[in-house]
Structures are given as structure tokens and as C-alpha cells.
Amino acid sequence: MSESQPALTQQELKQQAAVYAVDTFIHSDMRVGLGSGSTAELFIEEVGRRSQAGILTGLVTVSSSEKSAELARSFGLEVKELADIEALDITVDGADEIETATFSLTKGRGGALLREKLVAAASTLEVIIADESKLVSILGEKMPIPVEVTPFGWTHTANRLRALGGEPALRMTGGQPYLTDGENYVLDCRFPPVTDAKDLAARIKGLTGVVEHGLFIGIAGRVVIAGKTGVYELEKGA
Ligand code: 5RP
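Residues numbered from 1 in each chain as written. Predicted model: local features only at pLDDT ≥ 70, side-chain atom pairs only at ≥ 80, totals over all residues. Heavy atoms only, no water.

Student: Is there a simple way to explain the domain arrangement of the protein chain in this structure?
Tutor: Many descriptions give the size of an interface as the accessible area lost when the pieces come together. What the domain assignment lists for the protein chain is domain 1 (10-136 + 218-232) and domain 2 (145-211). Centre-to-centre separation of domain 1 and domain 2, based on C-alpha positions: 25 Å. The partner domain 2 presents 11 residues to the 12 residues of domain 1 that form the contact. Counting each side, the surface lost to burial between domain 1 and domain 2 is near 870 Å², with a carbon and sulfur contribution of 50%. Contact with domain 2 buries surface across domain 1, with Arg109, Leu113 and Leu114 losing the most and accounting together for 43% of the total. At the junction of domain 1 and domain 2, the tally comes to 2 salt bridges. Here Arg109 and Asp188 are joined by a salt bridge, their closest N and O atoms 3.7 Å apart. In terms of residues, the side of domain 1 that touches domain 2 owes the most to one element, helix 4 (residues 113-121), which gives 3 residues. (Domains from an automatic or database assignment. Contact = heavy atoms within 4.5 Å. Buried area = accessible area lost by both parts, 1.4 Å probe. Salt bridge = Lys/Arg side-chain N within 4 Å of Asp/Glu carboxyl O. Helix = DSSP H or I, 4+ residues; strand = E, 2+ residues; numbered from the N terminus.)

Student: Hey, could you run me through the layout of surface pockets in this one?
Tutor: The gaps of empty space that remain are located by a probe, the size of a water molecule, rolled over the atoms. The volume enclosed by the largest pocket comes to roughly 230 Å³. Ser63, Lys80, Glu81, Leu82 and Arg115 are the residues nearest the centre of the largest pocket, which is lined by 13 residues in total. Among the elements of the structure, strand 2 (60-63), helix 3 (66-74), strand 3 (78-80) and helix 4 are those that each provide at least two residues to the lining of the largest pocket. Partitioning the lining of the largest pocket into residue classes produces 6 nonpolar, 2 polar and 5 charged. One number sums up the size of the second largest pocket: a volume of about 150 Å³. Ser36, Gly37, Gly94, Ala95 and Asp96 are, among the 14 residues lining the second largest pocket, the residues nearest its centre. (1 Å grid on protein atoms, 1.4 Å probe; cavity = no way out; pocket = protein on both sides within 12 Å on 5 of 7 lines; lining within 4 Å. Points joined across faces, edges and corners; volume = space filled by probe spheres on them. Nonpolar A, V, L, I, M, F, W, Y, C, P; charged D, E, K, R; others polar.)

Student: What is the right way to read empty space enclosed by the protein from this model?
Tutor: According to the stated counting rule, one finds 1 cavity of 30 Å³ or more in the structure shown. Its volume calculated, the largest cavity comes out at about 50 Å³. Along the walls of the largest cavity sit Ser64, Gly111, Ala112, Leu114, Arg115, Glu148, Thr180, Asp181 and Gly182, which together make up its complete lining. Classifying every residue of the lining of the largest cavity by side-chain character gives 2 nonpolar, 4 polar and 3 charged.

Student: Is there a simple way to think about the sheet that holds strand 8 (residues 135-136) in this case?
Tutor: What links the strands of a sheet is backbone hydrogen bonding, and the strands pair in either a parallel or an antiparallel sense. Read across the sheet, 4 strands follow the order 8-5-6-15 without closing on themselves; strand pairing throughout is mixed. Every interior strand has two partners, whereas the edge strands, strand 8 and strand 15 (215-216), have only one. Relative to strand 8, strand 5 (residues 97-99) is paired through 2 bridges, and the arrangement is parallel. The residue bridging Glu99 from the neighbouring strand is Val136, located in strand 8. (Pairing = 2+ DSSP bridges.)

Structure below.
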């Protein structure tokens, strides 16, 4: 980019990553998992526009949130239940933190972590799209780890997370506990920088009361980043 051009906004960067993902990974007749959050929504809109224009045909989608499903349907895309589909070719989703060397992720600021993980697990390929602000050298650097818990006895589950070294805060909205699409609570847990994400993920998952956590380890296959120098794919291990 020449010096006279103004820097792109974060929204424009997200848009670039979304368009790259559609150009590179999405073809007609694919079974596509739809992520959640503002970047994933830009991807859904791009897929939707190309579907409406007849450029992409025969797509079947599965959504990771009610909000993304509604957006997809507004473009006339077919949205199926995950339970009604055997497998997905690809899912494209955003992330809150991306550990550059390992592709390990933190997700769930939008509260869709459980369904996002279920949709990702059913996909042959998980593609993450983001602007450069999401890159970290170690998980936990910028964001807490969201943990979805059952409302029943949630304070006890919070104590179990404390015993693992976390500082859980109940996510609130409009003065009430935030409810996920599955009607669970979210505890946003600050942990010291996560040196062994796999181990922490297993420990959190093992706690009574935990439904799912926002550590996505070994799930992302490709990572598309939009930054000052343009759109590029991260190289794992680099
Ligand atoms: C929602 C998510 C989102 O993908 C993540 O929060 C990134 O969102 P955005 O693209 O708005 O920054 O995990 O549960």
C-alpha cells in the first residue's frame, strides 16, 4: 500500500479476509459450516451474495449460532441442523486469539463456542479468518478464556476453575447473566499465559459443570490474516 493511501479500518481488513476465504476455499455444492462473530458474518454475507448471483450453487450450510443461521437464511442459503448432516467439507470462522506458531485458538467472545466446536469437529477443514490484531505469541496474552457452564451450581464450577489457577467472571448482559444458544452461562476466565494449552484444555473439560471451553487446540487447518501488508495465510510452526 502506498503511503498516501489511508490505512484500512479493522472492518475493511475483516472483509478482505472474508473475501479471500470465499475466493480460495468455497465452491459450488459444498457443505459449509458457518462460524459466528463479526468476521464470520462478513464471510456469510459474501457467500450469500455469490449464491444470490448464481456464482455459487448447491451449497448446504450448518450454522454455529442462531444469529449466523438467520443471516444465512436472509440470503436464501439452505441451513441444516448439524444432526441432519453426516459431515461438512469446510467451516470458516473467526477467532479471538490465534497463537501464530501452533494455530491454537481462543474463541467464544460471541458466546457460540460450543456450537462452533461441534461444527468444526464435523468439518474436514477449519479455516480461521481474522485481522492481525488477533495474533498472539501465547494464548491468554490478551483475552480471557470463555468457559460455558451449566447455570445450576455455577458458583461451584467457578470455584473449580479458580482451583486450576483461573479468575472466572460471570458474563453479564443487560444486568442478567448472558445465556448461550444452549441456555448456559459463560465464565470468562483469566489465566496466566497458557504455556501448555492442551493440558489446560483437558483439565477444564474434566471439571463437573463445564459444558465446553473456548480453547481450540489442533482444530484450525488454515489461518487467513488481513493486515497492513495485505491478506496472507499463516504458516504453521513459522
Ligand atoms: C464467537 C467467536 C468469534 O468467532 C470470535 O469472538 C471472533 O469474533 P469477531 O470476528 O467479531 O472478532 O468465537 O463465539
